[in-house]
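# Results of the structural survey
Spelled out from the first residue to the last, the chains are:
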Amino acid sequence: MPDTMNDAVPVMRDIDDLYPKDALEAQTKRVENLKNRFAYLYGGKAPEFIARSPGRVNLIGEHIDYSLYEVIPMAIIADVLVAVSAVSRDPSSDKVRVRVANLNRDKFSSGEFMVPAHGNIEIDASTLQWTNYFKAGFRGAVELLQKGSKGFSPCGMDVLVDGTVPAGGGLSSSAAFVCASALATLRANGINQVPKKELVERAIVSERSVGVNSGGMDQAASVFSVRGDAISISFSPELRAEALPFPNTDPPITFMIAQSFVAADKHVAAPENYNLRVVECTLAAEFLAAELGLKLQNDSGPLGTSLRGLQYAYFESKEDVRQANPEDQAETMLSLTEKHLKPEGYTREEIGSSLKLSVPDLEKKFMTKFPVRAERFYLRQRAQHVFTEALRVQRFKKLLQSPPHDANTTLLPKLGAIVNESHASSRDVYVHSCPEIDQMCEIAIEAGSYGSRVTGAGWGGCSVHLVPKGKIDAVRTAWEEKYYRIREPNITKEKLAEAVVVSEPGHGSVV
Ligand code: NG1
Ligand code: MG
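Residues numbered from 1 in each chain as written. Chains lettered and ligands numbered in written order. Predicted model: local features only at pLDDT ≥ 70, side-chain atom pairs only at ≥ 80, totals over all residues. Heavy atoms only, no water.

For the protein chain, the name recorded in an unreviewed UniProt entry is Galactokinase, with Cladonia borealis as its organism. What UniProt states about the protein chain under its Catalytic activity (unreviewed entry) heading is, verbatim, "alpha-D-galactose + ATP = alpha-D-galactose 1-phosphate + ADP + H(+)". On record in UniProt, under Pathway (unreviewed entry), the comment for the protein chain is "Carbohydrate metabolism; galactose metabolism." (UniProt positions renumbered as here; feature names shortened; annotations may be inferred.)

Structure representation (C-alpha cells):
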C-alpha cells in the first residue's frame, strides 16, 4: 500500500494490513471489545467507524524539528483507536454535545463538552486533562472544515478511545491521540477524503494548544508513515515526508525501545525544559543574526526565526556560496556558533542589549505565549547540538539510502556510532537526557547494542537502541538485572514485558 504524502488518509476495512501476523488475533479482539464497550456505554448503538493513528519512535534528529531541520522517526505498532458515532445537530438548540470516554476508565475519566454553533471550543491548558488532547484534535478539524466552508457548524459526537501507546513514555501517545481525534472529527462531519498534509499541519498547530510549543515530527510520523519503513520528515521550505526503507542486511536492522519509567512530566515542567529549549533555539538564531548583521524572516514566514531560517539568511547573503550543499552549510553554521557565542550562557539583559530590546520587551516577544523559567540561556550549546544533530541525520540517511558494499558487517556499527554521538550531544550539550536513561544506554552497549540514545523530548521517558538480532535477549536480560529489578525489586512480569519492545515500523493513520 504505497500511499504518498499527497494522498488522503486511507479508509481500510481489513486489519491484516495494519498489524503483524502474530498480533492479528489480539488486535481483532481489541477492536471487537471496543465495539462492544461502545454499545454498552452509548445505549446499544454501534460505532459508525474507528479512526486510528500510531505512536512513533524517533530514530535520529532529536530536538531539531522546531528548528526546522530534518528528522528520521518511524511509526510503531502501538496506536490509538477512536470509535465514533456522530450526533446530528438539533435545530432547536444552539449547542451540540461531545462525549469522550476511554476504555481505561481508572486512568482516564470520561468527559463531555458543549460545542456552540460557531464551533470554537475553549481548551484550558492550565490543567492537564487527557480530554484536552481530544479537544485539540477536534478544534484542528473544525478549523479545517471552516476553511472549506465558512460558517460550518460541527455535529455532536459520542466517542470511545482505546490506546496502546504508553502515556508520557516518549512514544508520542499525545500526537497519536490528537491525529486520531482530528481524523475522527473530520469523518464524523462527512469528510471522507482527508489530505494527509492538511491533517498533519492542523494537528501540529492544535497540539500546541495543550501548552507545549512542540515541533511537527510526531504528528507527521503518525500520519505519513508506511509500514515497514522509517520516514524522513523535513519542514523547510515546506512540510515533506519520504519513506526511508531499511536496507536488507544480515543481521537485519532492529531497534529495541525501552522505557526508563522516569515520568517525563513535560507539561508541568515545560517552562524549564521543553519550552525553554525552544526559546533558547529561537534566541540563538536571533542573537547570531544580530551578530552577523542578518535579517530573519518574521514568524509568519516558512522559516521564521529558526536556526534553519538563520542558515538560509546567511547563505542568501553570500551570493558565491549559495549552492553549497546542506552539510557544508551546517558545518559553516557550527563554526559561526563557536566563534560568536560564549559558553557561559547569557542573561536576559545581555540578549536584550544585542537584540536592541528592553528586558520586558524581550520577555513579551519570546516568553509570553509559552512562559519559561531560567536565569541563563545557553545559546551556544543549544545551537551546537542542533547543527551537529542536523549533520548526523544527513549521515544516517545517506547510509540507509546507499549502504556500503560490505553492509552486513559495517552498516550497523556505522549507524550505531552516529546514534551514540547523538546521545552524547543530548546528554552533555543539549542536556535533555537523565541519569537513568544514560545508565540504560551504557548497560545496552555493554550487552551488545551498536548504538543507544534517549528518544523523544527526554528528561525521562524512552530510549532507543540499535541491536543485532542475536543480542536482543542479552540486552533485555542486562536491563532486567541491572536496571529494572534494582529500581523496582518487585516489578511484575507484565510491567517488564511492557518496558521493552522490539517494534516493527508501523503504518500511519487510517479510518
Ligand atoms: P515527545 O515529547 O516525545 O512527544 C517532543 C515533541 C517533538 C520533538 C521531540 C524532541 C511534542 C508533541 N513533541 O516529543 O516535536 O521536538 O520532543 O525531538 O511536544
Ligand atoms: Mg507528546
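Resuming the write-up.
### Structural notes on the site of ligand 1
Near ligand 1 there are 17 residues, and of these Glu 62, His 63, Asp 65, Asp 218 and Tyr 274 occur at the shortest range. A distance of 2.5 Å separates an oxygen atom of ligand 1 from a polar atom in the side chain of Asp 65. Between Gly 215 and ligand 1, the recorded distance is 3.3 Å, taken from a backbone N or O atom to an oxygen atom. In isolation ligand 1 has 440 Å² of accessible area, and contact with the protein removes 96% of it. Residues of the shell around ligand 1, tallied by class, amount to five nonpolar, six polar and six charged. (Near = heavy atom within 4 Å. Polar contact = N/O pair within 3.5 Å; in protein donor to acceptor, adjacent residues only side chain to side chain. Areas by Shrake-Rupley, 256 points an atom, 1.4 Å probe, with all protein chains shown as cover. Nonpolar A, V, L, I, M, F, W, Y, C, P; charged D, E, K, R; others polar.)

### Quick word on the nonpolar core
Counting residues in hydrophobic clusters, the biggest one holds 128 residues, and the most contacted among them are Leu 283, Leu 307 and Phe 377. The leading source of residues in this core is helix 7 (residues 274-292), at 11 residues. Ignoring anything within four residues of it in the chain, the contact list for Phe 377 reads Leu 276, Val 279, Glu 280, Leu 283, Gly 345, Tyr 346, Arg 348, Ile 351, Met 367 and Val 372. Counting residues in each nonpolar core, the second largest holds 18 residues, with Met 256, Val 262, Ile 472 and Tyr 483 among its members. (Core = buried A, V, L, I, M, F, W, Y, C linked by side-chain atoms within 4.5 Å. Buried < 20%, exposed > 50% of the residue type's maximum accessible area, 1.4 Å probe, protein only. Helix = DSSP H or I, 4+ residues; strand = E, 2+ residues; numbered from the N terminus. Contact = heavy atoms within 4.5 Å.)

### Considering the side chain of Ser 452
As for its placement among the helices and strands, Ser 452 is situated in strand 9 (residues 451-455). A distance of 2.7 Å separates the side chain of Ser 452 from the side chain of His 465, its partner in a polar contact. Setting aside its immediate chain neighbours within four residues, Ser 452 contacts Val 419, Asn 420, His 423, Cys 441, Ala 444, Ile 445, Val 464 and His 465.

### Here we look at the pattern of salt bridges
Proximity of charged atoms lets side chains of opposite charge pair with each other. Counted under the stated rule, the structure contains 27 salt bridges. Among the salt bridges present, the one from Glu 238 reaches Lys 197, with a minimum N-O distance of 3.3 Å. Of this pair, Glu 238 sits in the loop between strand 6 (230-234) and strand 7 (240-244) while Lys 197 is found in helix 4 (residues 196-207), placing the two residues 41 residues apart along the sequence. Taking the relative accessible area as the measure of exposure, Lys 197 reaches 21% and is therefore partly exposed. When the shortest N-O distance is used, the salt bridge between Arg 373 and Glu 272 registers 2.7 Å. Linking Arg 373 in the loop between helix 11 (359-366) and helix 12 (379-401) with Glu 272 in the loop between helix 6 (266-269) and helix 7, this pair joins segments that are 101 residues apart in sequence. Bridged by salt links that share partners, the residues Arg 30, Arg 52, Asp 79 and Asp 162 form one connected network. (Salt bridge = Lys/Arg side-chain N within 4 Å of Asp/Glu carboxyl O.)

### What about the packing of aromatic side chains?
This structure, assessed with the given rule, holds 13 aromatic pairs. An angle of 70° between the planes, with centres 5.5 Å apart, marks the rings of Tyr 66 and Tyr 274 as edge-to-face. With Tyr 66 in the loop between strand 1 (49-60) and strand 2 (72-87) and Tyr 274 in helix 7, this pair connects stretches of sequence that are 208 residues apart. The exposure class assigned to Tyr 66 is buried, which follows from its relative accessible area of 12%. You can call Tyr 274 buried: its relative accessible area is 6%. Plain terms: the ring middles of Tyr 314 and Phe 315 are 5.1 Å apart, the flat faces sit at 85° to each other, and that makes the pair edge-to-face. Accessibility expressed as a relative area gives 4% for Phe 315, which makes it buried. Cluster of aromatic residues (ring-pair linked, three or more members): Phe 108, Trp 130 and Phe 177. The ring of Phe 49 has Arg 187 lying over it, and the distance from NZ or CZ to the ring centre is 5.6 Å. Positioned above the aromatic ring of Tyr 346 is the side chain of Lys 342, whose terminal nitrogen or guanidinium carbon lies 5.0 Å from the ring centre. (Phe/Tyr/Trp six-rings, centres within 6.5 Å; stacked < 30°, edge-to-face > 60°. Lys NZ or Arg CZ within 6 Å of the ring centre and 35° of its normal.)

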